[in-house]
Structures are given as structure tokens and as C-alpha cells.
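Okay, here's what each chain looks like letter by letter:
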Amino acid sequence: MSTGTNTIWVRRPTAPPAGDVSAPTFRLERPLTGLTIGLRTDRAWRSWQLIASVWEEYLRRDGAQTIAVETGAQIGQPASGDRKQIDEFAGQVDAAIVGLGTCGSCTTFTIKDAVTVEEHEKPVVAIVCEEFTVHAHNVARHVGHSDMNVLVLPYPLEARPTEELQQIARDYYPKVLELLGVTV
Amino acid sequence: MTLASERVEIPADALLQYELSLENHWGDGVPMLPATDDAVGALLAASPYPADHVVCVLPPVNGVATVELVAINAAMAGVEPAAFGLVLAALEAISEPEWNAFGLTTTTSSVFPMLIVNGPCRDDLGIDYRASCMGGAGGRGSMTIGRAVALCLRNIGGQRAGETTKSVFGQPARFGFCIGEWEERSPWPSLAQRRGFAADDDVVTVHGGKGTFPMADIHNDDPRDLLYLIAKSIAYPLANMYLGNVENGEVVVAFNPMWAERFGVAFPDADDLAAYLQTNAWQPIDLWPETNAELLRNRGRVDGHGRVHLVERPDQIVPIVCGGLGSLHAIALPSFGESTMQSKRVVRSS
């Protein structure tokens with residue numbers, strides 16, 4: 001397919017970019033009292049378990065009920081169980097907090113599980129660490145949920161003292177409520 | 001033949017082509033061949049599927065891998081038409097849900113698709129299975145098929161180091177990893193046969209491997225002793241399989257033909273050999289510091305004897321035979337854990 005001595009024609013090897021479509025997001029637009037808020041943790045991350053436990057305590061303090069689920073698998077029977085549990089969880093809660101994205105694949109599965117909550121037309125916030133922010137938004141965009149709420153925590157969380165993690169939990173709690181659309 | 005992909009005018013000069021590929025992020029940093037219509041057409045002519053057939057959707061960006069797009073990338077890698085079916089089979093395997101492509105293409109781990117080929121095509125296509133088969137032998141099939149799959153993951157799946165793929169170190173296999181099994185020197189049925197395929201099928205098995213983990217011994221000729229040491233070696237305390245679920249993932253263990261012959265005498269059945277390896281692939285819970293040990297105990301990973309097994313079942317340890325006749329060495333391809341190897345028969349055009 002030569003067009004001359006200095007150039008040739010080739011075919012572009014890249015796939016066309018995915019359309020930037022986004023599924024709707026949802027907001028509570030009401031106070032926490034009487035609501036059921038879900039917390040999804042991942043058994044891999046003890047720092048996140050601690051932060052989630054602080055938030056769970058605050059949510060109860062502020063009048064909400066909470067449901068906590070823990071995931072830990074990406075394939076096989078354990079993963080089937082995890083995804084079924086997330087689907088049931090999404091059906092039970094009024095809104096959910098889903099984390100933690102602090103590695104490549106766990107960020108991917110954090111976003112996927114947050115998508116499940118949005119598919120139930122519930123408000124959700126995906127929790128990721130700073131290093132994985134772009135990746136989280138990329139995954140959300142590639143699965144058609146570009147506008148998903150993503151809350152970015154400092155990175156790394158691992159190896160921080162308990163007191164510091166508790167302070168991070170305190171500092172970021174108001175932002176979680178804001179992203180879920182909780183009103184005073 | 002009418003192609004749907006965009007035509008791009010590029011310099012005819014090879015060095016300028018290389019520089020353009022770097023600028024456009026079309027490659028892996030190594031010079032490539034131009035995907036001319038003639039080159040792409042030759043591959044499509046060897047495909048059992050039409051150009052617009054969708055092979056799979058590749059993460060992380062969910063790019064649609066049509067046969068045509070795969071052929072373009074295969075042409076750039078230098079795949080010969082007779083080998084194109086192996087590229088398609090590998091991509092089909094990768095896209096099986098239990099291979100967990102979304103997880104493996106985005107993880108911080110070094111894991112990447114490692115292709116193991118069985119069947120009569122190995123010699124014709126230059127699939128390396130003898131000396132230096134895991135790097136350096138330079139067979140065209142091994143070098144181009146693995147690279148074509150890697151290019152598809154980049155150009156169709158959108159893998160970009162540090163952006164869409166978070167792999168902390170990467171690994172040499174990200175340039176492409178494709179080996180054959182030296183079936184003729186194996187005392188056991190081939191990997192493909194053990195996975196239900198016929199001896200005359202050409203089969204590609206894709207393993208999510210974290211790297212090549214070398215083992216060596218010159219002191220002990222007893223097959224059980226050697227296998228015991230191999231089992232202990234693959235059960236290293238920071239293996240991924242101690243992080244996740246004991247029932248997921250496989251470790252591939254490549255034996256050189258000399259050792260394989262010795263092991264075959266002690267274990268004529270490959271399942272028995274795998275069972276022996278699984279039985280001995282454990283470490284004492286006391287090996288781990290208390291923080292790790294507590295987690296392993298909480299996850300039920302410690303048996304009544306204080307042992308923490310690497311894997312739950314014998315079929316999670318997968319022996320293959322390849323490599324040179326220099327003996328002395330084995331290589332493990334450690335698992336990501338959350339991935340199950342997949343095999344696909346190569347479909348030829350009729």
C-alpha cells in the first residue's frame with residue numbers, strides 16, 4: 001500500500017475510545033435518622049476496617065442503622081458468594097460506603113461493587129486512596145459510571161498508627177455524608 | 001478484502017516508524033513491523049472467523065477486540081499467518097471470567113498472561129520448549145505470539161503502565177511469554193491432555209503468572225527428596241496464595257526433562273506427583289511474625305498440625321516439562337491467586 005517512496009499506509013492498532021456515557025447517580029437528600037447505611041470492607045485492608053468501624057460508630061451516633069459486609073475474593077465460589085452478598089446488601093441499604101481501593105485489583109472490585117449499589121438506584125461513595133484515584137475514575141468510566149462519587153483518602157493508609165487512622169476517619173466523615181447527600 | 005480500521009500514513013523508513021510508534025504509544029518500546037493491508041490481510045485469510053468477529057472485550061478500558069484489530073497487532077508483532085489462531089485462542093482464554101482479566105490487568109502485582117502451548121504446531125511455528133525456552137531461545141512463534149497478546153492488551157485493552165495498570169514492577173513477560181511443553185520428553189500426558197484435550201489438538205493454556213521463580217539442586221538425586229524441596233520452595237512465605245483464598249489459583253512448576261524422567265519413575269501418574277507436592281507445600285505457622293500468623297489463623301489457614309498449606313488441592317500445582325537437557329533446574333511460575341488458568345483449542349480456518 002505504498003503511496004510514494006517516503007510513506008506507507010498502515011492500520012491503526014488501537015480500539016476506538018469508549019463513549020463517555022454515565023449511569024445516573026443518586027443522593028439521599030434527607031437526614032441520616034432512620035436510614036440504613038451499608039459499609040463494604042475488604043478483608044485485605046486492616047486500616048480500612050478500622051476507618052470503616054469508626055464511621056459505623058458515627059453513623060449510629062447520628063441516628064442511622066448500619067449493615068456491614070466484608071469481601072475477599074475475585075474468582076471462584078468465594079467470589080460468587082461475595083458478589084451475591086453485595087447484591088443483597090445493595091437491596092437492603094438506603095445508601096452505601098464501599099472500599100477500599102488501595103491496590104490495582106481491589107480498586108477495580110471496589111468500583112464494581114459500588115456499581116452494584118448504583119444499579120439498585122441507591123447513593124454510593126467509593127473510597128479509594130490517592131495513588132489509585134485516576135485508576136478508580138478510569139474503571140468507573142469504563143463500566144459506564146463516570147459520575148460515581150469517589151472519596152479520596154491519603155496514601156498509604158497501611159503502616160500508619162491507629163490514632164492517625166482514627167483522625168483520618170474523623171476528618172473525612174463529613175465528606176462522606178456530603179457525597180451521599182445527607183442533609184442536616 | 002475491506003477493512004474497517006483507520007488507515008494511517010507513516011514514514012517508510014524503519015527508524016522513523018519506530019520513533020512514531022513510541023510517540024503514538026502503539027508499542028512496547030521495541031521496534032515493530034508495519035501493519036500494512038497486505039500483512040493484515042494475510043493474517044485475516046488464516047483466521048477461521050470474519051474480520052468483524054468479536055474475539056473478546058479487553059480490560060481495563062473494555063476495548064472491543066475484533067479479529068481485524070487483533071490481526072493488526074499481530075502483524076506489528078510479526079506473527080506468521082499459521083500462528084494467528086494461537087493469538088486468537090490466547091485472547092479467548094484470557095477473557096474467560098475465571099481468568100479475572102479485569103483484576104489481573106489492573107493489579108499492583110507483576111502478574112501477566114503466560115502462554116503454554118501443546119500440540120503438533122510447536123515445531124512448525126517455532127514455539128520454544130527446549131533450552132532457554134523462557135527467554136533467549138528466540139523461536140519466532142514464542143517471541144511473536146506472546147508479544148501479539150501483550151500488544152493487544154496495550155492497544156485494545158488500554159494497558160498503560162502507572163495509569164490503567166498499577167503493576168508496581170511489571171515483569172519481563174510483559175513483552176510476551178509463550179512457551180511449549182516438551183511433550184515427547186514428558187513421562188506424563190501433556191498439560192493439554194490432562195485438561196481434556198486430544199493429543200493432536202493444538203492448545204493454548206494461559207496462566208496468570210507472577211514471574212519465573214528459579215530453583216536448583218546438584219546434591220540430591222532422590223526424586224522424592226527433590227520434589228520435597230521444590231514443594232518447600234514454592235511455598236515461600238510471601239507468596240500471593242498466602243494472601244488470598246486457598247482454593248483459588250495454580251502454581252505451574254516446570255521440570256527439566258532429566259528431572260522429569262526421574263520424577264516419572266517415582267510418580268508415573270502426574271496427579272500423584274501433584275498430590276505429593278501439595279502435601280509438602282506448607283510452612284509452619286511459627287515461621288510468620290504474629291501479625292501475619294494471626295490473620296492466617298483467623299482465615300482458617302492453619303491445620304491441626306500447625307501447618308499452613310500453600311494450596312488446598314493437588315490440581316492447584318501444575319507440573320509441565322520443558323527446558324534444556326542440562327538438568328539441575330526447575331522453574332515455578334507463581335500464581336496471582338485470584339485467577340484460574342484457562343485452555344483453548346486452536347481453531348483453524350477450513
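Throughout, a residue's number is its position along its own chain's written sequence, starting from 1. Chain A is the first chain written and ligand 1 is the first ligand written, with later ones labelled in order. Totals for whole chains, interfaces and linings use all residues, but because this is a predicted model, local features are given only for residues with pLDDT of at least 70 and pairs of side-chain atoms are given and counted only at 80 or more.

Counting its secondary structure elements, chain A contains 5 helices and 6 strands. Runs of E in the DSSP output that reach at least two residues are strands. Runs of H or I that reach at least four are helices, and both are numbered from the N terminus. Secondary structure of chain A in N-to-C order comes out as β-β-α-β-α-β-α-β-α-β-α. Dimensions along the principal axes, computed over C-alpha positions, put chain A at roughly 75 × 35 × 35 Å. When the 184 residues of chain A are sorted by exposure, 44% land in the buried category. The contact criterion used is a C-beta to C-beta distance within 7 Å, with each C-beta placed from the backbone. A fraction of 75% describes how many contacts in chain A between residues 6 or more apart in sequence connect residues 24 or more apart. Counting other C-beta atoms within 10 Å of a residue's own tells you its class, since 20 or more makes it buried, 12 or fewer makes it exposed, and anything in between is partly exposed; those C-beta atoms are placed from the backbone.

Turning next to the domain arrangement of chain B. All names here are of chain B. Each assigned domain of chain B is listed here: domain 1 (14–208 + 340–345) and domain 2 (213–333). On a C-alpha basis, the centroid separation for the pair domain 1 and domain 2 is 27 Å. Residue-level contacts link 23 residues of domain 1 with 19 residues of domain 2. Of all the secondary-structure elements, those providing two or more residues to the side of domain 1 that touches domain 2 are strand 4 (112–118), strand 5 (178–180) and helix 8 (191–194). Note on residue categories: nonpolar means Ala, Val, Leu, Ile, Met, Phe, Trp, Tyr, Cys or Pro, charged means Asp, Glu, Lys or Arg, and polar means any other residue, Gly included. Here the residues of the side of domain 1 that touches domain 2 sort into 13 nonpolar, 6 polar and 4 charged. Start and end positions for the domains come from either an automated domain assignment or a database one.

Take helix 10 (residues 257–266) of chain B next. Residues and elements named next belong to chain B. Among all positions in helix 10, only Pro257, Trp259, Ala260 and Phe263 are buried. Angularly, the buried residues of helix 10 cover 150° about the axis, an arc narrow enough to put them on a single face. On its buried face, helix 10 is in contact with helix 9 (223–234), strand 8 (251–255), helix 11 (270–280), strand 11 (317–321) and strand 12 (329–333). By construction, the arc corresponds to the directions joining the helix axis to the C-beta atoms.

Residue and element names in this part refer to chain B. Two elements in contact, helix 2 (residues 37–45) and helix 3 (residues 67–77), have axes separated by 9 Å at closest approach and are oriented at 120°. As far as their axial angle goes, helix 3 and helix 2 are oblique. Crossing handedness for the pair helix 2 and helix 3: right-handed. Across the interface between the two elements, Ala39, Val40, Leu43 and Leu44 of helix 2 pack against Val67, Glu68, Ala71, Ile72, Ala74 and Ala75 of helix 3. Each residue belonging to the contact of helix 2 with helix 3 can be placed in one class, and the counts come to 9 nonpolar, no polar and 1 charged. In this analysis an axis means a line fitted to C-alpha atoms, helices contributing only their contacting stretch, and an angle means the value between N-to-C directions, from 0 to 180 degrees. If an angle is under 35 degrees, it is roughly parallel; if it is over 145, roughly antiparallel; if it lies from 65 to 115, roughly perpendicular; otherwise it is oblique. Crossing handedness is defined as follows: a turn of the near helix away from the far one that is anticlockwise and smaller than a right angle gives a left-handed crossing, while the clockwise case is right-handed.

Turning our attention to the interface of chain B and chain A. As a measure of interface size, the accessible area lost when the parts come together is often cited. Residue-level contacts link 45 residues of chain B with 32 residues of chain A. When contributions to the side of chain B that touches chain A are tallied by element, the ones reaching two or more residues are strand 1 (7–11), helix 2, strand 3 (63–66), helix 3, helix 5 (101–104) and helix 7 (140–155) of chain B. At 5 residues, strand 1 of chain B tops the list of elements feeding residues into the side of chain B that touches chain A. Here the residues of the side of chain B that touches chain A sort into 18 nonpolar, 17 polar and 10 charged. By this definition, two strands are paired if DSSP reports at least two bridges between them. By the bridge criterion, 5 bridges tie strand 1 (residues 7–11) of chain A to strand 1 of chain B in an arrangement that is antiparallel. Residue pairing in the sheet places Trp9 of chain A in a bridge with Glu9 of chain B of strand 1 of chain B.

Before going further, it helps to spend a moment on helix 3 of chain B. Since the α-helix advances by 3.6 residues per turn, residues separated by three or four positions end up pointing in the same direction. With 11 of 11 residues buried, helix 3 of chain B is to be regarded as a mostly interior element. Restricting attention to buried positions, one finds in helix 3 of chain B the residues Val67, Glu68, Leu69, Val70, Ala71, Ile72, Asn73, Ala74, Ala75, Met76 and Ala77 of chain B. Where helix 3 of chain B is buried, its residues meet strand 1 of chain A together with helix 2, strand 2 (54–58), strand 3, helix 4 (84–94) and helix 7 of chain B.

Cis rather than trans, the peptide bond between Tyr155 of chain A and Pro156 of chain A has omega equal to -5°. A cis amide bond, omega 10°, links Pro59 of chain B with the succeeding residue Pro60 of chain B. Note on placement: Pro60 of chain B falls in the loop between strand 2 and strand 3. The phi dihedral of Glu29 of chain A falls on the positive side, at around 55°, and the residue is not glycine. Relative to the helices and strands, Glu29 of chain A is located in the loop between strand 1 and strand 2 (36–42).

Residues and elements named next belong to chain B. Strand order in the open sheet formed by 4 strands is 7-12-8-11, with mixed pairing between adjacent strands. What marks the edges here is a single partner per strand, and that holds for strand 7 (213–216) and strand 11. Strand-to-strand twist in this sheet, taken as the mean axis angle between neighbours without regard to direction, amounts to 25°. Its contacts with the sheet place helix 9 against strand 7, strand 8 and strand 12, and it is angled at close to 140° to strand 8.

Regular strands have side chains that alternate between both faces of the sheet. All names here are of chain B. Here strand 2 runs beside strand 3; their pairing, made up of 4 bridges, is antiparallel. Directly across from Leu58, in strand 3, lies its bridge partner Gly63. Hairpin remark: strand 2 followed by strand 3, antiparallel, with 4 residues in the connecting loop; positive phi at Asn62, about 60°.

Residues and elements named next belong to chain A. Remark: helix 1 (residues 46–61) packs on helix 5 (residues 162–180), axes separated minimally by 9 Å, with the N-to-C direction vectors making an angle of 50°. Judged on the interaxial angle alone, helix 5 and helix 1 are oblique. In this structure, helix 1 meets helix 5 at a crossing whose hand is right-handed. On helix 5, the residues touching Ser47, Leu50, Ile51, Val54, Trp55 and Tyr58 of helix 1 are Thr162, Leu165, Gln166, Ile168, Ala169, Tyr173 and Val176.

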